[in-house]
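Architecture at a glance
The lines below spell out each chain.
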Amino acid sequence: MFTNVRFPAMLVGLTMIVAVPAAAQDSVKVTSARVYEGQFRPIQQASGGIGMRGSQRVFGQVKIATRESSERVKVTLMINTSLNQLEILNWSVNSGRCGSGSVPLMPIAQFQGIEMSTNGRGELDIPEMPLSIPPNSGALHVNVYRGGTGLENVIACSNLKLNEK
């Protein structure tokens, strides 16, 4: 008489395969979203005369949302200025606080430009952007540049506050 020993062995094997993903799911930790938010403030810039400094009228906000397991972020940025001409402003995310002169987290050329309208308003709504913000990055800020990408070209800055979601 022939007994099929393969069938019970296959059932045991399938049971183990099915059981592994269930156990693995329990050990996977769901990470919470990190949201960085801030309000823009104007930065004084050198103007015409010796020693004179002035600033643009600037206000707006920025929100950057990420997940710990992802190197991609969602960016929402709105800025209003007293500039009344069509132009593209550069921006960057930097470590430290406004005015620190720190290096951006990635090259400024990789940040999508802010298209400004003739009413002085610019907006960005980027659903997915490649930017890695380490979970323990400390203080962060966003610079907005006009006429170059040096610290002297910063017209607005926003210190970002971390909100765990």
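Computed from a prediction, not measured in an experiment: that's the story for all the values here. (Residues numbered from 1 in each chain as written. Predicted model: local features only at pLDDT ≥ 70, side-chain atom pairs only at ≥ 80, totals over all residues. Heavy atoms only, no water.)

**Description of the side chain of N80**
Applicable threshold: Helix and strand definitions follow DSSP, with helices as H or I runs of at least four residues and strands as E runs of at least two, each counted in order from the N terminus. Only protein chains enter the accessibility calculation, which uses a 1.4 Å probe. A residue is then buried if its area is under 20% of the maximum for its type, exposed if over 50%, and partly exposed in between. Note on contacts: a residue pair qualifies if any of its non-hydrogen atoms lie within 4.5 Å across the two residues.
You can see N80 is positioned in strand 6 (residues 72-81). On the basis of relative accessibility, which here comes to 11%, the residue N80 falls in the buried class. Residues in contact with N80, not counting those within four places in the same chain, are R57, V58, F59, G120 and R121.

**What about the pairing of strand 10 (residues 140-145)?**
Test applied: DSSP calls a pair of strands paired once it identifies at least 2 bridges connecting them.
Among the six residues that make up strand 10, six are buried, leaving the element largely enclosed by the rest of the structure. Residues L140, V142 and V144 line one face of strand 10 and the alternating positions H141, N143 and Y145 line the opposite face, and both faces are buried. Summarising the sheet, strand 10 and strand 11 (residues 154-164) pair through six bridges and their orientation is antiparallel. Counted as the bridge partner of V142 is S158 from strand 11.

**Some thoughts on the environment of P135**
As for its placement among the helices and strands, P135 is situated in the loop between strand 9 (121-130) and strand 10. Note: C-alpha distance between P135 and R34 (101 residues apart in sequence) is 8.3 Å.

**Comments concerning the side chain of N94**
Counting through the fold element by element, N94 comes out in strand 7 (residues 87-95). Assessed through its relative accessible area of 1%, N94 is described here as buried. The contact partners of N94, leaving out residues within four places of it in the chain, are S102, V103, P104, A139, L140, H141, N143 and Y145.

**A look at the pattern of salt bridges**
Threshold: When a carboxyl oxygen of Asp or Glu lies within 4 Å of a side-chain nitrogen of Lys or Arg, that pair is called a salt bridge.
Using the criterion set out here, one finds four salt bridges in the structure. Its salt-bridge partner being E87, residue R146 comes within 3.0 Å of it at the nearest N-O pair. Residue R146 is located in the loop between strand 10 and strand 11, and its partner E87 is located in strand 7; the two are separated by 59 residues in the primary sequence. What makes R146 partly exposed here is its relative accessible area of 27%.

**Examining the packing of aromatic side chains**
So the rule is basically this: In this analysis, rings of Phe, Tyr and Trp, with Trp reduced to its six-membered ring, are considered paired at centre separations within 6.5 Å, and the interplanar angle assigns stacked below 30 degrees, edge-to-face beyond 60, and tilted for intermediate values.
Enumeration over the complete set of coordinates arrives at one aromatic pair. Judged by centre distance (4.8 Å) and plane angle (65°), the rings of W91 and F111 are edge-to-face. Of this pair, W91 sits in strand 7 while F111 sits in the loop between strand 7 and strand 8 (114-116), and the two are 20 residues apart along the sequence.

Keep in mind these numbers describe shape, not what the thing actually does.
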